Amino acid sequence: DPQQLELATEGKRKLRRFIVIDEVVDELYGSKVRKYFEENNVQHKILALPTTEETKSMDLVLNILQEVQNFSIDRRTEPIIGIGGGVCLDIVGLAASLYRRRTPYIRVPTTLLSYVDASVGAKNGVNFLQCKNKLGGYTPPVASFLDRSFIQSIPRRHISNGLGEILKMALMKHKGLFDLLKSHGKYLLDTKFQSYSGSAGHGDAALQTTRIAIETMLEELAPNLWEDDLDRLVDFGHLISPELEMRVLPSLMHGEAVNIDMAFMTYVAHARGLITAEEKEQIIQCMRGLELPVWHGGCSWGLIQRALIERLKHSGGQPRMPLPTGLGVAEIFNDTTEETLERAYKLWVRD
């Protein structure tokens, strides 16, 4: 905003920012963040919090809002900044949307998963009554600042976790992205999505994969930001995974649960004759190459049935099941029979 910029540079009014940062991120980067605000002469309050699926609750939102009230911000010109993974960004987004009905906020994702997923779109929310993201809303951030250098400090498993959401977009919409993941998956894990000038044979695989993943996600979300249309390809991997993830907390991360769901749905697509045995095998091998789980003992037939009943409540009485119809192409189906699902489940467990 040119007016705000003018005010800031003239120095008539001191800039003020309220920042919520995940406590692990704060340990790694907190001193740099503080130095940045100090050097730019910004009055600031940094609130470091434990942001995990277990703490993702309305209580944490209210804690943030109490601190925001104490700090006192201008509801239009002083955005709240969230720095952390997807859980942190979800919580901050909900807090900002509630404070004075809508206070602007900025997302700064620090994990691969939040970089390609939570940073895009309008959703925010918290868990409630053991249900994932049961409370929330649709308030887009005023900006998302993407910096892959944060990703270099996260554990390998977290990189793999983020690759689950990238693979989702590849399977639904982009054969080229699927090929990139097949060819460069191990390299991306080894280099933690950093760009190196001497990466012969890999080009800038990190930049390409993240850019394509975000662009395909935006293509899907932008025309349907408030989910007026419940037929969403981005729901692939999200039919059974919410139930599974909450049931086995904290043993599975979000992207891992999503991948287990996608692996099962790949078998469903094969059982329906939508993809060949070779395509099914290519998908499963790609998942293994990205070091993602393709099965979990907690994903029982009973859990799948319960999850799909819950899905009907969530999606207007229709399953709206996204399934691959090839590599990088997909459609939404409402007519998958229980017999097909059970046959796919038995083959999946056997393999």
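Quantities reported herein were computed from a predicted structural model and do not represent experimental measurements. (Residues numbered from 1 in each chain as written. Predicted model: local features only at pLDDT ≥ 70, side-chain atom pairs only at ≥ 80, totals over all residues. Heavy atoms only, no water.)

Trainee: Please set out the packing of aromatic side chains residue by residue, giving values where relevant.
Mentor: Under the counting rule described, the total for this entry stands at 7 aromatic pairs. Residues Phe18 and Phe71 carry aromatic rings whose centres are separated by 5.9 Å and whose planes lie at 50 degrees to one another, so their mutual orientation is tilted. Placement of Phe18 in strand 1 (residues 16-22) and of Phe71 in helix 3 (residues 58-71) is noted, with a sequence separation of 53 residues between them. On the basis of relative accessible area, Phe18 is assigned to the buried category, the value being 0%. Looking at Phe71, the relative accessible area reads 13%, which means it is buried. (Phe/Tyr/Trp six-rings, centres within 6.5 Å; stacked < 30°, edge-to-face > 60°. Helix = DSSP H or I, 4+ residues; strand = E, 2+ residues; numbered from the N terminus. Buried < 20%, exposed > 50% of the residue type's maximum accessible area, 1.4 Å probe, protein only.)

Trainee: So, the pairing of strand 2 (residues 43-49): which residues are in play, and what are the values?
Mentor: Bridging between strand 1 and strand 2 involves 7 bridges; their strand directions are parallel. Along strand 2, the bridge assignment pairs Asp22 with Leu49. The β-α-β motif built from strand 1, the intervening helix 2 (residues 23-39) and the parallel element strand 2 has right-handed crossover chirality. (Pairing = 2+ DSSP bridges. Right-handed = clockwise from strand over helix to strand, strands pointing away.)

Trainee: Outline the pairing of strand 1, supporting the account with residue identities and numerical values.
Mentor: Of all 7 residues making up strand 1, 7 are buried, and the element is well covered by its neighbours. Residues Arg16, Phe18, Val20 and Asp22 line one face of strand 1 and the alternating positions Arg17, Ile19 and Ile21 line the opposite face, and both faces are buried.

Trainee: Explain the UniProt feature "domain: 3-dehydroquinate synthase N-terminal" (unreviewed entry) in the chain to me, using residue names and the numbers behind them.
Mentor: Following the UniProt record, one finds the feature "domain: 3-dehydroquinate synthase N-terminal" (unreviewed entry) at residues 48-160. Structurally, residues 48-160 is divided into 35% helix and 25% strand, and its ends, taken at the C-alpha atoms, are 26 Å apart. (UniProt positions renumbered as here; feature names shortened; annotations may be inferred.)

Trainee: Which residues make up a positive patch on the surface, and what values go with them?
Mentor: Together, Arg75, Arg76, Arg100, Arg101 and Arg102 make up a positively charged patch on the protein surface. Its place among the elements puts Arg101 in the loop between helix 4 (86-98) and strand 4 (105-109). Under the relative-accessibility criterion, Arg101 is labelled exposed at 77%. (Patch = residues over 30% accessible without salt bridge, like charges linked within 9 Å, V, L, I, M, F, W, Y side chains within 5 Å. Areas by Shrake-Rupley, 256 points an atom, 1.4 Å probe, with all protein chains shown as cover. Salt bridge = Lys/Arg side-chain N within 4 Å of Asp/Glu carboxyl O. Lys, Arg positive; Asp, Glu negative; His and termini not counted. Charge placed at Lys NZ, Arg CZ, Asp CG, Glu CD.)

Trainee: Describe the pattern of salt bridges, with residues and values.
Mentor: Following the criterion strictly, the structure yields 29 salt bridges and no others. In this structure, Glu310 engages Lys134 in a salt bridge whose closest nitrogen and oxygen atoms are separated by 3.2 Å. Here the residue Glu310 occupies a position in helix 12 (residues 301-314), and Lys134 occupies one in strand 6 (residues 131-138), the gap between them amounting to 176 residues. Classification of Glu310 by relative accessible area gives partly exposed; the value is 28%. Note on Lys134: relative accessible area 45%, which makes it partly exposed. The salt bridge partner of Lys280 is Glu281, with a shortest N-O separation of 3.7 Å. Among the charged side chains, a salt-bridge network with shared partners connects Lys123, Glu227, Arg232, Asp235 and Arg311.

Trainee: Talk me through helix 7 (residues 175-191); I want residue IDs and the actual numbers.
Mentor: Counted at 1.5 Å a residue, the expected span for helix 7 with its 17 residues is 24 Å, and the 23 Å between its end C-alpha atoms agrees. Where helix 7 bends most, at His184, the angle is about 70 degrees. Along helix 7, the residues classified as buried are Leu177, Phe178, Leu180, Leu181, His184, Gly185, Tyr187, Leu188, Leu189 and Thr191. Buried residues along helix 7 sit in contact with helix 6 (156-173), helix 8 (205-221) and helix 11 (277-289). Count one or two residues on from helix 7 and you reach Lys192, which has phi positive near 50 degrees. (Expected span 1.5 Å × (residues − 1). Bend = angle between axes of the 7 residues up to and from the residue. Contact = heavy atoms within 4.5 Å.)

Trainee: Got a sec to walk through the packing of helix 6 against helix 10 (residues 254-271)? Specific residues and values, please.
Mentor: In the contact formed by helix 6 and helix 10, the axes pass within 7 Å of each other and the chain directions differ by 40 degrees. Accordingly, the angle class assigned to the pair helix 6 and helix 10 is oblique. In the packing of helix 6 onto helix 10, the handedness of the crossing is left-handed. For the pair helix 6 and helix 10, the contacting residues are Arg157, Asn161, Gly164, Glu165, Leu167, Lys168 and Leu171 in the first and His254, Gly255, Glu256, Val258, Asn259 and Met262 in the second. Looking at the contact of helix 6 with helix 10 residue by residue, the class counts come to 4 nonpolar, 5 polar and 4 charged. (Axes fitted to C-alpha atoms, helices over the stretch in contact; angles between N-to-C directions. Parallel < 35°, antiparallel > 145°, perpendicular 65-115°, else oblique. Left-handed = near helix turned anticlockwise from the far one by under 90°. Nonpolar A, V, L, I, M, F, W, Y, C, P; charged D, E, K, R; others polar.)

Trainee: So what's going on with the packing of helix 6 against helix 8? Which residues, and what values?
Mentor: Viewed as axis vectors pointing N to C, helix 6 and helix 8 meet at an angle of 60 degrees, and their least axial separation amounts to 9 Å. Helix 6 and helix 8 meet at a crossing whose hand is left-handed. Only Thr209, Ala213, Thr216, Met217, Glu219 and Glu220 of helix 8 make contact with helix 6, whose side of the interface consists of Ile166, Lys168, Met169 and Lys173. Per-class residue counts for the contact of helix 6 with helix 8 are 4 nonpolar, 2 polar and 4 charged.

Trainee: Requested: an account of the side chain of Gln194, with residues and values cited.
Mentor: The topology assignment puts Gln194 in the loop between helix 7 and helix 8. A polar atom in the side chain of Gln194 sits 2.8 Å from the backbone oxygen of Arg148. (Polar contact = N/O pair within 3.5 Å; in protein donor to acceptor, adjacent residues only side chain to side chain.)

Trainee: Pulling in residues and values, what's your account of the domain arrangement of the chain?
Mentor: For the chain, the domain assignment lists domain 1 (12-152) and domain 2 (156-350). Averaged C-alpha coordinates put domain 1 and domain 2 at centres separated by 27 Å. Between domain 1 and domain 2 the total buried area reaches about 2,300 Å² when both faces are included, carbon and sulfur atoms providing 68% of it. Ranking the residues of domain 1 by area buried against domain 2 places Leu112, Leu113 and Arg148 at the top, with a combined share of 27%. Between domain 1 and domain 2 we count 3 salt bridges in total. At the surface where domain 1 touches domain 2, the tally comes to 7 residue pairs in polar contact (both at pLDDT 80 or more). Looking at the side of domain 1 that touches domain 2, the elements that each hand over two or more residues are helix 5 (112-118), strand 5 (123-128) and strand 6. With 5 residues, helix 5 is the single largest residue contributor to the side of domain 1 that touches domain 2. Split by residue class, the side of domain 1 that touches domain 2 holds 11 nonpolar, 5 polar and 7 charged. (Domains from an automatic or database assignment. Buried area = accessible area lost by both parts, 1.4 Å probe.)

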